[in-house]
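A structural walkthrough
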Amino acid sequence: MSCSGSTGRLRSAALPTCEFAFYLAVTVGFHLYSFYEVFKVSRIYEKDLDAEFGFEKGFFIWSFKKDPTDFEWSFWTEWVKKLLLWTLLGHVIISQVTNAIFPKFRTWFLMIYGMLACFITVGSKGLAVIMLHLFISFAVAQLRVPVLSWVCSVLLLYSLQMDSLGKIQKRWYETENEYFLLLFCLALCNLRYTSFSLEYCWHRICPQRRCISFCRLLAYVFYYPIFHNGPIICYDDFNNQTRRTETSVPKADLVCLLLGAVRIFFWWWLTESMLHFMYIHAIQHQETILETASYWLLGGLGFAHTLFFYLKYLLLYGIPSIIMCLDGVEPPRLPRCTSSLYSFTGTWREFDVGLHRWLVRKNCCQPQCNAEFMEPWGVLPQLYSFYPTWYFFVEMKWGRSIGTEHLYKVGHGYPS
């Protein structure tokens, strides 16, 4: 062990090669055997699970059916096949054409296209709601009081849970998935206009430039690759990079682009294979199977769920990241494999790097470095930042205790 003089923290020495290889072999062996147990149980109860959950027909290469019970994966794959693939392709075309002809105005062309794509995906009323949120947030930011911007963002986020508004918005659409897409967009837009509002409060901008500032907000919020699901990028990072690339955009290396596309295809194939071979999402709803499950099966279900979650977000963040690279915007690092994460603090820092950067930039996860944190209003950023995550967790039995404990630990930088 060696000690770092500047921070006073202990830094672990590298393991010997033989010891590292032994641990790696044991870990991989545990994973494979536990996955095999899940595979066996999936085959045994396939007919019963199919009768209850209605499995989908698998690919013609495999004789297995597909487990469709993971809502998030089914939701986004359906939307990608239906519309999002074409709207993302349209963004790439507009970006490359305007970069070749009108490079100085490319940001504004992409803003207009993002608003058009938003109109196509969530409709005119959905676009109107998003614009209303932006106008309210921008108007409150004019007061130059960060606390008021935080309160405004919390109230706008809370409006997404109001049953009365939800019933009205559901009547705008033919299917429930269209309504859920609007909620996803509003939630992600909330993070973005919060980032803009705080930057606006911290930096003095002359009144004559307010119109330009609002246009910058529109360009940031309606940047289409990250509009629906992320990854999250702070306003200051986005603004600095788009200003820098308005005159000259470095062309992405073709080899790296092709390699990224191959990796995306491999991740997609591996994710779909898991849904065909291991019915982890259907099994978790079957108490009779879980009550008689062995420790190997339970461990395999836990491993498989975390691995599936990791692969899912590699795809959900990987595709927009490639498009961002084409635009000359540096995306946050892709999620780190969950098997190499051993603490909730590390998970926040390494799995969703964009969210961690957002939290740090807004002084949410470093209260010890924020002099205002000791004031009564200083706790608002922390409460707001973890509010969406806590809201989803409280629907589960263990969310109120475990989720709140880890929220406190992550917020204060303690190991979990």
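About the thresholds
- Residues numbered from 1 in each chain as written.
- Predicted model: local features only at pLDDT ≥ 70, side-chain atom pairs only at ≥ 80, totals over all residues.
- Heavy atoms only, no water.
- Helix = DSSP H or I, 4+ residues; strand = E, 2+ residues; numbered from the N terminus.
- Buried < 20%, exposed > 50% of the residue type's maximum accessible area, 1.4 Å probe, protein only.
- Contact = heavy atoms within 4.5 Å.
- Areas by Shrake-Rupley, 256 points an atom, 1.4 Å probe, with all protein chains shown as cover.
- Axes fitted to C-alpha atoms, helices over the stretch in contact; angles between N-to-C directions.
- Parallel < 35°, antiparallel > 145°, perpendicular 65-115°, else oblique.
- Nonpolar A, V, L, I, M, F, W, Y, C, P; charged D, E, K, R; others polar.
- Patch = residues over 30% accessible without salt bridge, like charges linked within 9 Å, V, L, I, M, F, W, Y side chains within 5 Å.
- Salt bridge = Lys/Arg side-chain N within 4 Å of Asp/Glu carboxyl O.
- 1 Å grid on protein atoms, 1.4 Å probe; cavity = no way out; pocket = protein on both sides within 12 Å on 5 of 7 lines; lining within 4 Å.
- Points joined across faces, edges and corners; volume = space filled by probe spheres on them.
- pLDDT = per-residue confidence, 0-100.
- Phe/Tyr/Trp six-rings, centres within 6.5 Å; stacked < 30°, edge-to-face > 60°.
- Polar contact = N/O pair within 3.5 Å; in protein donor to acceptor, adjacent residues only side chain to side chain.
- Core = buried A, V, L, I, M, F, W, Y, C linked by side-chain atoms within 4.5 Å.
- Expected span 1.5 Å × (residues − 1).
- Bend = angle between axes of the 7 residues up to and from the residue.

1. Some remarks on the overall build of the protein
When helices and strands are counted, the protein shows 17 helices and 2 strands. Counting every position in the protein, which comprises 416 residues, the buried fraction comes to 46%. Taking contacts inside the protein between residues at least 6 apart in sequence as the whole, the part at least 24 apart equals 73%. For the protein, the computed accessible surface area is about 22900 Å², with 66% contributed by carbon and sulfur atoms.

2. Examining the packing of helix H3 (residues 71–101) against helix H7 (residues 176–202)
In the contact formed by H3 and H7, the axes pass within 11 Å of each other and the chain directions differ by 100 degrees. Comparing their axes, H7 and H3 come out roughly perpendicular. Taking contact as the criterion, the partners of Phe71, Phe75, Trp76, Glu78, Trp79 and Lys82 in H3 are, on H7, Asn177, Glu178, Phe180, Leu181 and Phe184. Its residues assigned to classes, the contact of H3 with H7 comprises 7 nonpolar, 1 polar and 3 charged.

3. Let's talk about a nonpolar patch on the surface
Together, Leu15, Phe20, Phe22, Tyr23, Leu24, Val26, Val28, Phe30, Leu32, Tyr33, Tyr36 and Trp296 make up an exposed nonpolar region whose accessible area comes to about 1200 Å². Counting residues per element, the nonpolar patch draws most heavily on helix H1 (residues 17–44), which supplies 10 residues. Judged by its relative accessible area of 40%, tyrosine 23 falls in the partly exposed class.

4. Here's the deal with the layout of surface pockets
Here the second largest pocket is characterised by a volume of approximately 910 Å³. Contributions of two or more residues to the lining of the second largest pocket are made by H3, helix H10 (254–277) and helix H13 (295–326). A per-element tally of the lining of the second largest pocket places H3 first, with 10 residues.

5. A few points about empty space enclosed by the protein
Applying the stated rule across the entire model yields 1 cavity of 30 Å³ or more. Reported here for the largest cavity is a volume of approximately 70 Å³. Arg106, Thr107, Leu110, Ala219, Tyr223, Phe238, Thr242, Asp327 and Val329 are the residues that line the largest cavity. Of the residues forming the lining of the largest cavity, the biggest block, 3 residues, is contributed by helix H4 (residues 106–141).

6. Re the confidence of the model for the protein
Here the protein shows a mean pLDDT of 80. Residues at 70 or above account for 79%. Predicted confidence in the protein is weakest over helix H17 (residues 399–411), with a mean pLDDT of 39, and strongest over H4, with 94. Predicted confidence is poor over residues 1–8, with pLDDT under 50, and the contacts of this stretch with residues over four places away or in other chains come to 10 contacts. For the stretch residues 391–416, pLDDT sits under 50, and the model shows 32 contacts to residues farther than four places along the chain or on other chains.

7. Notes on the packing of aromatic side chains
Scanning the model with the defined rule gives 36 aromatic pairs in all. On the basis of an interplanar angle of 45 degrees and a centroid distance of 5.8 Å, the ring pair of tyrosine 179 and phenylalanine 180 is categorised as tilted. On the accessibility criterion, tyrosine 179 (6% relative accessible area) is buried. A network of ring pairs unites the aromatic residues Phe135, Phe138, Phe196, Tyr200, Phe214, Tyr220, Tyr223, Tyr235 and Phe238 as a single cluster.

8. A closer look at the side chain of lysine 312
When you line up the elements, lysine 312 lands in helix H13. By relative accessible area, which is 4% here, lysine 312 ends up buried. Here aspartate 70 takes part through its side chain, which lies 3.4 Å from a polar atom of the side chain of lysine 312. Filtering out sequence-adjacent residues up to four positions away, lysine 312 remains in contact with Asp70, Glu72 and Trp73.

9. Comments concerning the pattern of salt bridges
The final tally for this structure, using the stated rule, is 11 salt bridges. Note that lysine 65 and aspartate 50 form a salt bridge whose closest N and O atoms lie 2.6 Å from each other. With a gap of 15 residues between them, lysine 65 in the loop between helix H2 (46–53) and H3 and aspartate 50 in helix H2 connect regions that are remote in the sequence. On the basis of relative accessible area, aspartate 50 is assigned to the buried category, the value being 18%. Ionic pairing is found between arginine 357 and aspartate 236, a salt bridge with its closest N-O pair at 3.2 Å. Taken together, the positions of arginine 357 in helix H15 (residues 353–361) and aspartate 236 in helix H9 (residues 235–244) put the pair 121 residues apart, joining distant regions of the chain.

10. Re the nonpolar core
Judged by nonpolar contacts, the single largest core of 83 residues is most densely connected at Ile130, Leu134, Leu217, Phe222 and Phe227. The dominant element in this core, judged by the number of residues it contributes, is H4, at 14 residues. Core analysis: the second largest hydrophobic core is formed by 10 residues, Trp150, Leu188, Cys234 and Leu359 among them.

11. Side note on H4
Along its 36 residues, H4 runs just 27 Å from first to last C-alpha, ending more than 12% under the 52 Å computed at 1.5 Å per residue. The largest bend in H4 comes to about 115 degrees, at valine 122.

12. Structural notes on unusual backbone geometry
The backbone of arginine 144 sits at a positive phi, close to 65 degrees, despite the residue not being glycine. Its place among the elements puts arginine 144 in the loop between H4 and helix H5 (146–158). By relative accessible area, arginine 144 is classed as buried at 17%.

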